[in-house]
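Here's the letter readout for the chains.
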Amino acid sequence: MRSLCRFLLFLVLLALSADLPASWWWPFGKSTPKQVLPEPPSHGKYIPTDGDRSKKLYPKKEGDEKDAISVERVKELAERGNANAQLTLGKIYFDGAAGEKQDFTKAYRWFVKAAKNGNPEAMYNVAICLDGGFGVKKSDPELAFQWYQYAAGHGVPEAKAKCAVLAEQRGNPELAFQYYRQLADAGDHSCQYQVALQLLNGYGVEVDTALAAEYLLQASLGGHVRAQVRLADCYQQGVGVERNFRELFRWLTLAAHDGDPEAQAKLGTCYLQGMGTAPNPDLAFHWFKISAEAKYATGEYLLGNCYREGTGVPPNPRTAFEHYLLAAEGGEPLAQYALYQAFAQGEGTRADSARAREWLAKAAENGLPLAQAKWGILLLQGEEGLPRDTAKGEEWLQKAQASQDPAALIQVALCYINGEGLPKDREKGRLLLQAASIEGDKDAAEIYKLYFGKEF
């Protein structure tokens, strides 16, 4: 009788470890965020600050103020060597303004003269012309980069942004970081966000999570929505700041109301799990639905979980399946695994082992550790329509094991303990269960106690 109870407990625990309910983890922040690069201007129009306006020359147009001057006067001053007039004349030819015909060749010539006379804006415009082939043959990217650097060194912010982007493209993240940080320290919120990402990921600079969190806070206070979402992740994970679910909830609420679909999905998770707020299944469903409507794949998956589990809405396996399918086609590996379960069990759709294997393989290829473990086990054991492939099966189990994901470690451990497709090795299984238990997985701890009669 006692052995039967243990066997039933084992089955329950195994089922728990194989399932992926919506609340099993914080479903975000695991992968490295994509780099977000500031967009430099498309051409050389430099917008002066109010303090610079008195130094600029504006050609006379109909209805202009009395202190505006004529194009002829601008030409006269330019010929005399006035750098501001040379710059203005270059702009006139570049844009075809003030009654003059557009002429990039003349524009480039005047920009060069103004640049050689020390005008920073003209330096930037020379770079633009060289970069885009305006009035000069586009042949030397290095020369254009040098002129961008000249302009950046003279304080032109657009030039600094362009230098950062070009340095990034040239595989020089260290130089890119220098330019981004200059702009960030001058108050550019997009660059504050970029600097934070590089500091978090050690991209071109040493990892400094505390400093990254400071830059994220600056950008977030300035209204940068993506920074608010990443700052929320830091508060959830305790990266660079003390873990604080109230702050997590606060920043996600701001970003979600600003329309960020990732923030909306994460806010729904907060309501689902009671992170920083009281649990509220109805609001969780509400935010998942809004996120899904924005075509955010993870939001679509979480909405599918609501229909599967009856969270904030009556259970509906068919509707759950439909949302899983949309999310899976959008590249969400959790949804791909959910489709594997749906086809394997005939939940919300007809049972189809071939389709189940197809989605399990996709989830494994997209890096979901539990799917890698399950796919490896299938390859080791084989089944109708899937010949055994021991080499590939072991390769997938190794990937799953390397992830240190508790749910995946449990699956690999059970293979070793029971000798399912692998040589029986209880000690290896024990160590894997111990590793999963150290990560805080209660199922792993219970299975460990079940097989080895004690806590590790």
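Right above here is the structure, for reference.
Here is a short report on the structure shown in this document. Only a predicted model underlies this, so the values are computations on that prediction, with no experimental measurement involved.

The next thing to look at is the overall build of the protein chain. When helices and strands are tallied, the protein chain shows 23 helices and zero strands. For the protein chain, contacts bridging at least 24 residues in sequence account for 51% of all contacts bridging at least 6. Within the structure as shown, the protein chain displays about 22100 Å² of accessible surface, and the carbon and sulfur contribution to it stands at 50%.

Our next topic: the pattern of salt bridges. By the definition in use, this model includes 22 salt bridges. In this structure, Lys75 engages Glu100 in a salt bridge whose closest nitrogen and oxygen atoms are separated by 3.2 Å. One end of the pair, Lys75, is in helix α2 (residues 71–79); the other, Glu100, is in the loop between α3 (83–95) and α4 (104–116), and 25 residues separate them in sequence. Between Lys289 and Glu293 there is a salt bridge, and its shortest N-O distance comes to 2.8 Å. With Lys289 and Glu293 both in helix α14 (residues 281–293), this residue pair falls four residues apart, about one helical turn. The partly exposed category is assigned to Lys289, whose relative accessible area is 36%.

Right, let's get into the packing of aromatic side chains. For the coordinates displayed, the defined rule picks out twelve aromatic pairs. An angle of 55° between the planes, with centres 5.0 Å apart, marks the rings of Phe94 and Phe104 as tilted. Here Phe94, found in helix α3, pairs with Phe104, found in helix α4; they are ten residues apart in sequence, far enough to count as distant. Measuring from centroid to centroid gives 5.5 Å for Phe94 and Phe134, while their planes differ by 65°, and the two rings are edge-to-face.

Attention now moves to unusual backbone geometry. Non-glycine residue Lys295 carries a positive phi angle of around 70°. Examined against the element boundaries, Lys295 turns out to sit in the loop between α14 and α15 (297–309). Look at Lys295 and you get exposed, because its relative accessible area is 72%. Positive phi, close to 60°, is recorded for Gln404, a residue that is not glycine.

With that settled, consider the nonpolar core. Core analysis: the biggest nonpolar cluster contains 115 residues, and Val126, Leu216, Tyr301, Tyr337 and Trp375 have the highest contact counts within it. Beyond its immediate sequence surroundings of up to four residues, Trp375 is in contact with Arg357, Leu360, Ala361, Ala364, Leu386 and Trp396. With 22 residues, the next largest nonpolar core counts Ala373, Ala400, Ala408 and Ala413 among its residues.

For the rest of this paragraph, the subject is the packing of helix α6 (residues 141–153) against helix α7 (residues 157–169). At their nearest, the axes of α6 and α7 sit 8 Å apart, and the two run at 140° to each other. The orientation of α6 with respect to α7, classified from their angle, is oblique. You can see that α6 and α7 cross each other, and the crossing is left-handed. Mapping the contact onto sequence places Phe145, Tyr148, Gln149, Ala151 and Ala152 in α6 and Ala159, Lys160, Lys162, Cys163 and Leu166 in α7.

Turning our eyes to something else, we now look at helix α17 (residues 333–345). The terminal C-alpha atoms of α17, which comprises 13 residues, lie 18 Å apart, in line with the 18 Å expected from a rise of 1.5 Å per residue. Burial analysis of α17 places eleven of its 13 residues in the buried class, which makes it a mostly covered element. Along α17, the positions that sit buried rather than exposed are Pro333, Leu334, Ala335, Gln336, Tyr337, Ala338, Leu339, Tyr340, Gln341, Ala342 and Phe343. The opening residue of α17 is Glu332, an N-cap whose side-chain oxygen sits 3.0 Å from the backbone nitrogen of Leu334. One or two positions beyond α17, positive phi appears at Gly346, with a value near 65°.

Rules behind the numbers
- Residue numbers run consecutively from 1 along every chain, following the written order of its sequence.
- Where totals are concerned, whole chains, interfaces and linings use all residues; where local detail is concerned, this predicted model gives features only for residues with pLDDT of at least 70, and gives and counts side-chain atom pairs only at 80 or more.
- Remark: hydrogens and water are excluded; side-chain values derive from all non-hydrogen atoms of the structure.
- Helical segments are the DSSP runs of H or I of at least four residues, strand segments are the runs of E of at least two, and each set is numbered from the N terminus.
- The contact criterion used is simple: two residues touch if any of their non-hydrogen atoms lie within 4.5 Å.
- Working definition of accessibility: Shrake-Rupley area with a 1.4 Å probe, residue cover restricted to the visible protein chains.
- In the sections that follow, a salt bridge refers to a side-chain nitrogen of Lys or Arg positioned within 4 Å of a carboxyl oxygen of Asp or Glu.
- Three labels apply to residues, based on accessible area from a 1.4 Å probe with only protein chains included: buried if under 20% of the type maximum, exposed if over 50%, partly exposed otherwise in between.
- Working definition: a ring pair exists when centres of Phe, Tyr or Trp rings (six-membered ring for Trp) sit within 6.5 Å. Plane angles under 30 degrees give stacked, over 60 give edge-to-face, the rest tilted.
- Put simply, a nonpolar core is a bunch of buried Ala, Val, Leu, Ile, Met, Phe, Trp, Tyr and Cys residues held in one set by side-chain atoms that sit within 4.5 Å of each other.
- To get an axis, fit a line to the C-alpha atoms, keeping to the stretch in contact for a helix; angles then go from 0 to 180 degrees between the N-to-C directions.
- If an angle is under 35 degrees, it is roughly parallel; if it is over 145, roughly antiparallel; if it lies from 65 to 115, roughly perpendicular; otherwise it is oblique.
- Here a crossing is taken to be left-handed if its near helix is turned anticlockwise relative to the far helix by less than a right angle, and right-handed if that turn runs clockwise.
- Helices are assigned an expected span. That span is 1.5 Å times one less than the residue count.
- Between N or O atoms, a polar contact is any pair within 3.5 Å; within protein, one atom must be a potential hydrogen donor and the other a potential acceptor, and residues adjacent in sequence are included only when both atoms are from side chains.

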